[in-house]
Amino acid sequence: MQNAEVVLGVLRERGRNGLPCNELYRQLFNPQLYLLAYGRIYSNEGAMTPGPTQETADGMTTEKIEAIIDAMRHERYRFSPVRRIYIPKKNGKLRPLGLPSWSDKLVGEAVRLLLEAYYEPQFSDRSHGFRPGRGCHTALREIANTWVGTTWFIEGDISDCFGSLDHSVLLSILSEKIHDGRFLRLIANMLLAGYLEDWRWNATLSGAPQGGLCAAAHKEPYGVP
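Residues numbered from 1 in each chain as written. Predicted model: local features only at pLDDT ≥ 70, side-chain atom pairs only at ≥ 80, totals over all residues. Heavy atoms only, no water.

Observations regarding the overall build of the chain
Part 1 of the argument: From N to C terminus, the chain includes nine helices and four strands.
Part 2 of the argument: Overall, the chain shows an N-to-C arrangement of helices and strands of α-α-α-β-β-α-α-α-α-α-β-β-α.
Part 3 of the argument: Whereas a compact globule of 225 residues would reach a radius of gyration of roughly 17 Å, the chain reaches 18 Å, a difference of no more than 12%.
Part 4 of the argument: When its C-alpha atoms are laid out on the principal axes, the chain stretches across 60 × 45 × 35 Å.
Part 5 of the argument: Out of the 225 residues in the chain, the part that is buried amounts to 42%.
Part 6 of the argument: Element-wise, carbon and sulfur atoms account for 53% of the exposed surface of the chain, whose accessible area totals about 12700 Å².
Part 7 of the argument: Seen as two clouds, the 26 positive and the 25 negative side-chain charges of the chain have centres 2 Å apart. (Helix = DSSP H or I, 4+ residues; strand = E, 2+ residues; numbered from the N terminus. Rg over C-alpha atoms; globule rule 2.2 N^0.38 Å. Buried < 20%, exposed > 50% of the residue type's maximum accessible area, 1.4 Å probe, protein only. Areas by Shrake-Rupley, 256 points an atom, 1.4 Å probe, with all protein chains shown as cover. Lys, Arg positive; Asp, Glu negative; His and termini not counted. Charge placed at Lys NZ, Arg CZ, Asp CG, Glu CD.)

Here it is as structure tokens:
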């Protein structure tokens with residue numbers, strides 16, 4: 001198997017040149033990709049927070065990675081419904097947060113790495129949201145250095161962006177560049193896994209779970225700034 005960083009580098013180059021991805025799913029057979037994903041998320045604050053099961057980053061083994069890869073090879077991997085909790089917002093309202101199982105977090109991060117590597121070179125330099133090395137500070141720096149003649153800015157927000165993503169539109173956009181039915185089916189299964197609220201299963205007919213590692217990657221193909 002190729003080094004995971006080499007694979008991601010090839011994907012970046014394909015994205016930079018506008019070339020399609022024909023064999024993205026098979027990259028999920030690479031154990032190094034999961035080790036790279038693990039290194040990115042094991043120290044996250046939520047790594048030890050249980051989702052729908054008691055599985056957490058604690059006790060992670062190469063055997064678990066091998067089991068995930070075996071399920072991927074036979075297209076048997078199934079995402080568990082996320083456990084939904086609510087956290088307070090500054091305006092006093094509550095924000096729904098989805099807590100995936102640890103295995104789903106690991107797979108989600110592996111998928112995110114692949115999507116980010118491919119799509120990141122295609123985004124506008126004016127986009128600062130949900131991108132590596134970018135955020136509010138880089139946006140403010142660009143305003144200070146470039147938009148020197150601007151007097152007014154109008155703030156806008158997409159209402160319930162995570163919760164209202166249209167699955168069919170999202171998959172259609174992904175399929176324009178990703179010509180890999182198995183990878184697209186995996187994304188569809190991720191989106192349709194549902195959520196548990198008070199331990200009762202609920203369908204997810206639209207949206208992506210806020211809190212899942214791949215949620216931001218789901219937003220990126222839309223060009224959300």
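Quick notes on the packing of aromatic side chains
Where two aromatic rings form a pair, the distance of their centres and the angle of their planes describe that pair.
Part 1 of the argument: One pass over the structure, following the stated rule, counts six aromatic pairs.
Part 2 of the argument: Taken together, a centroid distance of 5.3 Å and an interplanar angle of 20 degrees make the contact between Tyr38 and Tyr42 stacked.
Part 3 of the argument: Since its relative accessible area comes to 26%, Tyr38 is described here as partly exposed.
Part 4 of the argument: Overall, the relative accessible area of 44% leaves Tyr42 in the partly exposed class.
Part 5 of the argument: The rings of Tyr38, Tyr42 and Trp102 are connected pair by pair, giving a single aromatic cluster.
Part 6 of the argument: The lysine or arginine in question, Arg84, covers the ring of Tyr195, its NZ or CZ lying 3.7 Å from the ring centre. (Phe/Tyr/Trp six-rings, centres within 6.5 Å; stacked < 30°, edge-to-face > 60°. Lys NZ or Arg CZ within 6 Å of the ring centre and 35° of its normal.)

What to know about the sheet that holds strand 1 (residues 82-88)
Part 1 of the argument: Here four strands make up an open sheet; going across it, the order is 2-1-3-4 and the pairing mixed. This sheet does not close on itself; its edge strands, each paired only once, are strand 2 (94-99) and strand 4 (200-202). Strand-to-strand twist of the sheet, defined as the mean angle between neighbouring strand axes without regard to direction, takes the value 45 degrees.
Part 2 of the argument: Two strands pair when backbone bridges link them, and strand 1 and strand 2 are joined in this way by six bridges, in the antiparallel orientation. In the sheet register, Pro88 faces strand 2, and the bridge partner there is Leu94. (Pairing = 2+ DSSP bridges. Axes fitted to C-alpha atoms, helices over the stretch in contact; angles between N-to-C directions.)

Digging into the pattern of salt bridges
Part 1 of the argument: Evaluation of the coordinates by the stated rule reveals 10 salt bridges.
Part 2 of the argument: Across the salt bridge formed by Arg16 and Glu13, the nearest N and O atoms sit 2.7 Å from each other. Of this pair, Arg16 and Glu13 both sit in helix 1 (residues 4-16), separated by three residues, roughly a single helical turn.
Part 3 of the argument: A salt bridge links Asp70 to Arg76, with the shortest nitrogen-to-oxygen separation between them at 3.2 Å. (Salt bridge = Lys/Arg side-chain N within 4 Å of Asp/Glu carboxyl O.)

Some remarks on the packing of helix 4 (residues 102-119) against helix 7 (residues 167-177)
Part 1 of the argument: Orientation of helix 4 relative to helix 7, taken along the N-to-C sense of each, is 60 degrees, at an axis distance of 12 Å. The angle between the axes of helix 4 and helix 7 places the two elements in the oblique class. Crossing geometry of helix 4 relative to helix 7 is assigned as left-handed. Residues Leu115, Tyr118 and Tyr119 of helix 4 form the contact with helix 7, whose own contacting residues are Ile173, Leu174 and Lys177. (Parallel < 35°, antiparallel > 145°, perpendicular 65-115°, else oblique. Left-handed = near helix turned anticlockwise from the far one by under 90°. Contact = heavy atoms within 4.5 Å.)

Regarding the nonpolar core
Part 1 of the argument: One finds Leu28, Tyr34, Met72, Val111 and Phe183 to be the most contacted residues of the largest nonpolar core, which totals 47 residues.
Part 2 of the argument: Top element by residues in this core is helix 4. It accounts for 11 residues.
Part 3 of the argument: Setting aside residues no more than four positions away along its own chain, Met72 makes contact with Tyr25, Leu28, Phe29, Tyr34, Tyr77, Val107 and Leu186. (Core = buried A, V, L, I, M, F, W, Y, C linked by side-chain atoms within 4.5 Å.)

Overview of helix 1
Part 1 of the argument: Its 13 residues place the ends of helix 1 18 Å apart at the C-alpha level, agreeing with the 18 Å of an ideal helix rising 1.5 Å per residue.
Part 2 of the argument: Its side-chain oxygen 2.8 Å from the backbone nitrogen of Glu5, Asn3 forms the N-cap of helix 1.
Part 3 of the argument: Just beyond helix 1, the residue with positive phi is Gly18, at close to 70 degrees. (Expected span 1.5 Å × (residues − 1). Polar contact = N/O pair within 3.5 Å; in protein donor to acceptor, adjacent residues only side chain to side chain.)

Brief notes about the environment of Val107
Part 1 of the argument: Within the secondary structure, Val107 sits in helix 4.
Part 2 of the argument: Each C-alpha atom of the pair Val107 and Leu28 lies 8.4 Å from the other, and the pair is 79 residues apart in sequence.
Part 3 of the argument: Not counting residues up to four positions away in its chain, the partners in contact with Val107 are Tyr34, Ile68, Met72, Tyr77 and Phe79.

Structural notes on the pairing of strand 1
Part 1 of the argument: One ladder, built from two bridges, connects strand 1 with strand 3 (residues 195-197); its direction is parallel. Across the sheet, Val82 pairs through a bridge with Tyr195, a residue of strand 3.

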